[in-house]
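# What the coordinates show
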Amino acid sequence: MIYKDAVFEQYISTPFKPVRVVATDEAITAVTFVDRMAQDVPNALTQSCVTQLIDYFTGHRKHFSLPLAPVGTAYQHKVWAALQQIEFGQTWSYVQLAKYIGQPTGSRSVGNANSKNPIAIIIPCHRVIGANGKLTGYAGGLDIKSALLAHENPQRGFF
């Protein structure tokens, strides 16, 4: 990906696997699960994001407050904005998400846009499940999706 500003990155260990946080001088551009950590090249935004992620994983944060600039199409941005309306501990189906953005028959295109989300956890694509209540794809893997949902709402029992 090409960013107009300098790129900074910072890594964090999570209960599941490491996460890489990428930012420019102005916004977070990516939060992704990775197999291994590398050398940090942090800035104030990556540090703030890491702090907020630590707060999330320790149960002290339900909402993130960070400037975000994911790279994607206008349609993807529409879906990603809708994802941010799903409250902590809640889930929506792909059908609900499609209806929310005004495309009641667009669950497949919503699912495709959801799968391209470059800012995991903060843009909570893990909160979208199948209409039958089953877990469906997640870039970090279904085990991590299940664990994130269980972290946010232990009574749902997604494990």
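Described below are features of the structure shown in this document. Not measured: the values here are computed from a predicted model.

## Considerations on the environment of Thr-46
Turning to its location among the elements, Thr-46 is positioned in helix H1 (residues 44-57). With 15 residues separating them along the chain, Thr-46 and Val-31 place their C-alpha atoms 9.8 Å apart. Setting aside residues up to four positions removed in sequence, Thr-46 forms contacts with Phe-8, Glu-9, Gln-10, Val-21, Ala-23 and Ile-28. Within polar-contact distance, the side chain of Thr-46 engages the side chain of Gln-10 at 2.8 Å.

## Comments concerning the sheet that holds strand E3 (residues 28-33)
Think of a sheet as strands paired side by side through backbone hydrogen bonds, with each pair either parallel or antiparallel. Taking strand neighbours across the sheet as the criterion, the 3 strands line up as E1-E2-E3 in an open arrangement whose pairing is antiparallel. A strand with exactly one partner marks an edge of an open sheet, and here the two such strands are strand E1 (8-12) and E3. The sheet shows a mean angle of 15° between the axes of neighbouring strands, direction not considered. In this structure, E1 lies alongside strand E2 (residues 19-23), joined through 5 bridges in antiparallel fashion. Along E2, the bridge assignment pairs Tyr-11 with Arg-20. Contacts between H1 and the sheet are confined to E1, E2 and E3, with E1 contributing the most and set at about 20° to the helix.

## With respect to the layout of surface pockets
Space inside the largest pocket adds up to approximately 320 Å³. Along the walls of the largest pocket sit 21 residues, with Thr-32, Ser-115, Asn-117, Pro-118 and Ala-139 positioned nearest its centre. Sorting elements by how many residues they give to the lining of the largest pocket places E3 first, with 4 residues. Taken together, the residues of the lining of the largest pocket break down into 13 nonpolar, 7 polar and 1 charged. Lining the second largest pocket are 13 residues, with His-63, Phe-64, Gln-84, Ile-122 and Arg-127 positioned closest to its centre. Across the lining of the second largest pocket, the residue classes break down as 8 nonpolar, 2 polar and 3 charged.

Conventions adopted
- Residues numbered from 1 in each chain as written.
- Predicted model: local features only at pLDDT ≥ 70, side-chain atom pairs only at ≥ 80, totals over all residues.
- Heavy atoms only, no water.
- Helix = DSSP H or I, 4+ residues; strand = E, 2+ residues; numbered from the N terminus.
- Contact = heavy atoms within 4.5 Å.
- Polar contact = N/O pair within 3.5 Å; in protein donor to acceptor, adjacent residues only side chain to side chain.
- Pairing = 2+ DSSP bridges.
- Axes fitted to C-alpha atoms, helices over the stretch in contact; angles between N-to-C directions.
- 1 Å grid on protein atoms, 1.4 Å probe; cavity = no way out; pocket = protein on both sides within 12 Å on 5 of 7 lines; lining within 4 Å.
- Points joined across faces, edges and corners; volume = space filled by probe spheres on them.
- Nonpolar A, V, L, I, M, F, W, Y, C, P; charged D, E, K, R; others polar.

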